Amino acid sequence: MSGIRPTGFLHLGNYFGAIRNYIKMQDDFDCYFMVADLHSLTTHPDTKHLKGNVQRVLAENIACGLNPDKVALYCQSQVYETSELYLYLNMLAYTGELEKTVTFKDKIRQHPGNINAGLLTYPVLQAADIILHRAKYVPVGKDQEQHLEMARNFVNRFNHRYGDVFPEPQAFNYNEVLVKVPSLDGSGKMSKSENQMATLFLADEDDVIRKKVLKAKTDSGPKENNSEKPEYIENIFLLMELVSSREIVEKYEADYNNCTIRYGDMKKQLGEDMVNFISPIRNKVETILNDEIYLKSVMEQGAEKARKSARATMQIVREAMGLNY
Ligand code: TRP
């Protein structure tokens with residue numbers, strides 16, 4: 001089970017960091033992937049763009065290969081059992097621990113005019129999302145470790161008080177080093193909020209992709225055979241490994257090692273390979289976004305699967321809690 005915030009416009013980092021993992025998991029597990037629209041209300045109470053953002057994030061995930069027939073792909077707000085479980089879990093969460101959550105402290109700094117209770121209980125809602133399906137594995141990045149730790153605490157408190165109902169959820173990845181997609185400006189990784197020119201979005205037009213890649217930082221080339229690469233050059237090679245063929249990567253490795261590399265050519269090649277990688281996804285996203293009936297049916301089908309699992313869990317929960325008179 002995992003949640004995807006509907007912030008729209010996924011980038012290459014999201015693709016290689018998260019989505020590719022989901023796509024692999026869909027063949028190995030019973031998966032629930034959810035668009036966390038309720039979570040977004042904690043910081044974005046204005047819902048004017050919410051529907052469009054939800055549709056985009058669904059379309060982008062499907063275009064990348066997530067198959068709504070294999071997984072339950074649904075919207076959080078359409079499965080009301082989430083809110084019921086959230087309420088019960090709130091009684092087991094202490095305000096002290098919630099106030100200490102790193103993401104809470106970050107968010108009150110970013111939104112000092114809107115420190116609402118939903119923001120405080122964000123990790124409780126996230127725990128409800130997960131255990132609603134009695135999920136064991138949660139494919140998330142490092143930034144969600146604390147939320148998962150809290151989910152395990154709530155689970156243990158629940159189980160201790162009301163009986164063994166929930167497994168302890170844990171972070172999941174395929175034992176591979178998580179792919180970090182480097183930013184094009186030479187340092188850090190691609191990110192939505194930082195330097196937009198250094199991040200490749202799945203929605204970028206071909207000429208924008210080429211332009212961004214050509215702007216990537218390089219220098220006049222190595223002076224000595226087999227020298228170590230500076231970070232910004234290493235990053236270009238890393239990006240190339242993600243989207244170019246092995247022969248091409250090997251050619252530029254060899255050119256680098258014997259000091260004949262021409263970064264202009266390399267970036268042109270990388271630009272084309274990026275375009276070939278991104279443009280089919282972008283076009284698919286557009287096709288899906290233009291088909292509202294399809295998107296609605298995906299959400300309905302996903303919600304139906306999620307509700308089925310949620311109803312079964314909630315029946316057990318109410319029994320365990322003695323709310324069955
Ligand atoms: N908090 C997660 C994020 O910021 C999104 C999320 C919501 C989530 N509910 C979840 C992730 C349940 C994993 C499981 O990315």
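Caption draft 1: Region of the structure containing the overall build of the protein. Each helix and strand in the protein was counted, giving 14 helices and 5 strands. Along the three orthogonal principal directions, the C-alpha set of the protein runs to about 80 × 45 × 40 Å. The buried share among the 325 residues of the protein stands at 48%. Taking contacts inside the protein between residues at least 6 apart in sequence as the whole, the part at least 24 apart equals 77%. A total of about 16500 Å² of accessible surface is found on the protein, and carbon and sulfur atoms cover 49% of it.

Caption draft 2: Seen up close, the packing of aromatic side chains. What the rule picks out here adds up to 11 aromatic pairs. Where Phe-158 meets Phe-166, the ring centres are 5.0 Å apart and the plane angle is 65 degrees; that geometry is what we call edge-to-face. In terms of burial, Phe-158 and Phe-166 fall into one category: buried. An aromatic cluster is defined as three or more aromatic residues linked by ring pairs; in this entry it consists of Phe-29, Tyr-137, Phe-172 and Tyr-174. Lys-24 extends its terminal NZ or CZ atom over the ring of Tyr-174, reaching a point 4.4 Å from the ring centre. Above the ring of Tyr-122, the side-chain terminus of Lys-107 is found at 3.8 Å from the ring centroid.

Caption draft 3: Focus on the layout of surface pockets. Within this model, the second largest pocket holds a volume of roughly 260 Å³. Forming the walls of the second largest pocket are Asp-37, Leu-50, Lys-51, Val-54, Gln-55, Cys-75, Gln-78, Glu-292, Ile-293, Lys-296, Met-299 and Glu-300. With 5 residues, the single largest contributor to the lining of the second largest pocket is helix α14 (residues 292–321). Here the lining of the second largest pocket is built from residues that sort into 5 nonpolar, 2 polar and 5 charged.

Caption draft 4: Structural view of helix α11 (residues 231–243). Between the first and last C-alpha of α11 there are 19 Å, a value that for 13 residues agrees with the 18 Å anticipated at 1.5 Å per step. Buried residues of α11: Tyr-232, Ile-233, Asn-235, Ile-236, Phe-237, Leu-239, Met-240 and Val-243, and no others. Packed against the buried residues of α11 are α1 (12–25), α12 (246–257) and α13 (263–289).

Caption draft 5: Representation of the site of the ligand. Taken together, the neighbourhood of the ligand is formed by 14 residues, with Arg-5, Tyr-122, Gln-126, Asp-129 and Gln-144 sitting nearest. Protein burial of the ligand: of its 370 Å² of free accessible surface, 93% is covered by the chains. Looking at the shell around the ligand, the element that brings in the most residues is helix α8 (residues 122–131), giving 4 residues. Tallied by class, the residues present in the shell around the ligand amount to 7 nonpolar, 5 polar and 2 charged.

Thresholds, definitions, all that
- Residues numbered from 1 in each chain as written.
- Predicted model: local features only at pLDDT ≥ 70, side-chain atom pairs only at ≥ 80, totals over all residues.
- Heavy atoms only, no water.
- Helix = DSSP H or I, 4+ residues; strand = E, 2+ residues; numbered from the N terminus.
- Buried < 20%, exposed > 50% of the residue type's maximum accessible area, 1.4 Å probe, protein only.
- Contact = heavy atoms within 4.5 Å.
- Areas by Shrake-Rupley, 256 points an atom, 1.4 Å probe, with all protein chains shown as cover.
- Phe/Tyr/Trp six-rings, centres within 6.5 Å; stacked < 30°, edge-to-face > 60°.
- Lys NZ or Arg CZ within 6 Å of the ring centre and 35° of its normal.
- 1 Å grid on protein atoms, 1.4 Å probe; cavity = no way out; pocket = protein on both sides within 12 Å on 5 of 7 lines; lining within 4 Å.
- Points joined across faces, edges and corners; volume = space filled by probe spheres on them.
- Nonpolar A, V, L, I, M, F, W, Y, C, P; charged D, E, K, R; others polar.
- Expected span 1.5 Å × (residues − 1).
- Near = heavy atom within 4 Å.

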